[in-house]
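Topology and contacts: notes
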Amino acid sequence: MDYLVLGLEDDDSLEEKLHGLLEHIAGHKRVEVPLVGYETQVGPSLRDVLPFFGDVPSSGDGWVRLYGSFGDQTGFAMMVGNCLRGLNLPMGSWYSSPPDPPGGPWGLIGMADQGWIVLFDDTIQEPMKERLSDSVMVAYIPLEVLEGNPIEPHMESEEVQRITLRWLLSYLPDREDYDV
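Below or above, wherever it landed, is the structure these notes cover. (Residues numbered from 1 in each chain as written. Predicted model: local features only at pLDDT ≥ 70, side-chain atom pairs only at ≥ 80, totals over all residues. Heavy atoms only, no water.)

Even without being a glycine, N88 presents a positive backbone phi close to 55°. In this fold, N88 is placed in the loop between β3 (74-81) and β4 (93-95). (Helix = DSSP H or I, 4+ residues; strand = E, 2+ residues; numbered from the N terminus.)

Below you can see the structure in the form of structure tokens.
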């Protein structure tokens, strides 16, 4: 897991800058590396050993989380993810574990992966989505979901993905509310 901390000026454009970071990640095209080799049959004893040689990325590895920590006139953003190094991000300080916040505690602002941004909004009661561009969608999640279920910077991507999926499933309407 990589951690990138960026210093920010706490001004009128701060929210726009933070959302711009998430939009950059969501719009970033990842290059799929084609598999090279030949198909071959292997015996059962070798088949059990082969997975140890492969480094298959987890499905949650593309998600990047954006945290903020703000003081009087300065603020800091911290990006957390397994794939930060190849995203052409602004200059900042790199860490291999979550640093202590320079201002207050780290608060989760949003998450992004290719084609999607997730923002936490204190003005809504239900999740909703909207199209930001031809290639990027924004999902708005009620901020209240973080109460009692905080997503901390040290959490692994897979755990965050499980928590997020549970939130979304909890917002599905009851079947009895619809005529089938």
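Moving on, we come to helix α1 (residues 14-27). Here α1 contains 14 residues, and its C-alpha end-to-end distance of 20 Å stays within 8% of the 20 Å for a straight helix at 1.5 Å per residue. Among all positions of α1, only L14, L18, L21, L22, I25 and A26 are buried. The arc that holds the buried residues of α1, viewed along the axis, is 135°, so those residues lie on one side. (Expected span 1.5 Å × (residues − 1). Buried < 20%, exposed > 50% of the residue type's maximum accessible area, 1.4 Å probe, protein only. Arc of directions from axis to C-beta.)

A word on the environment of S96. As for its position among the elements, S96 is in the loop between β4 and β5 (107-113). It is 6.1 Å that separates the C-alpha atoms of S96 and Y3, two residues lying 93 residues apart in sequence. Excluding residues that lie within four positions of it along the chain, S96 makes contacts with M1 and Y3. (Contact = heavy atoms within 4.5 Å.)

With that out of the way, let us pick up the side chain of T164. Along the chain, the position of T164 falls in helix α3 (residues 157-170). Those residues in contact with T164 that sit more than four places away from it in its chain are M111 and I151.

The subject of this paragraph is the sheet that holds strand β8 (residues 137-142). What the 8 strands build is an open sheet, ordered β4-β1-β3-β2-β5-β6-β8-β7; its pairing is mixed. In this open sheet, the two strands that pair with only one neighbour each are β4 and β7 (128-131). On average, each strand axis in the sheet is inclined to that of its neighbour by 25°, with strand direction left out of account. Bridge count for β5 against strand β6 (residues 116-121) is 4 bridges, and the pairing is antiparallel. (Pairing = 2+ DSSP bridges. Axes fitted to C-alpha atoms, helices over the stretch in contact; angles between N-to-C directions.)

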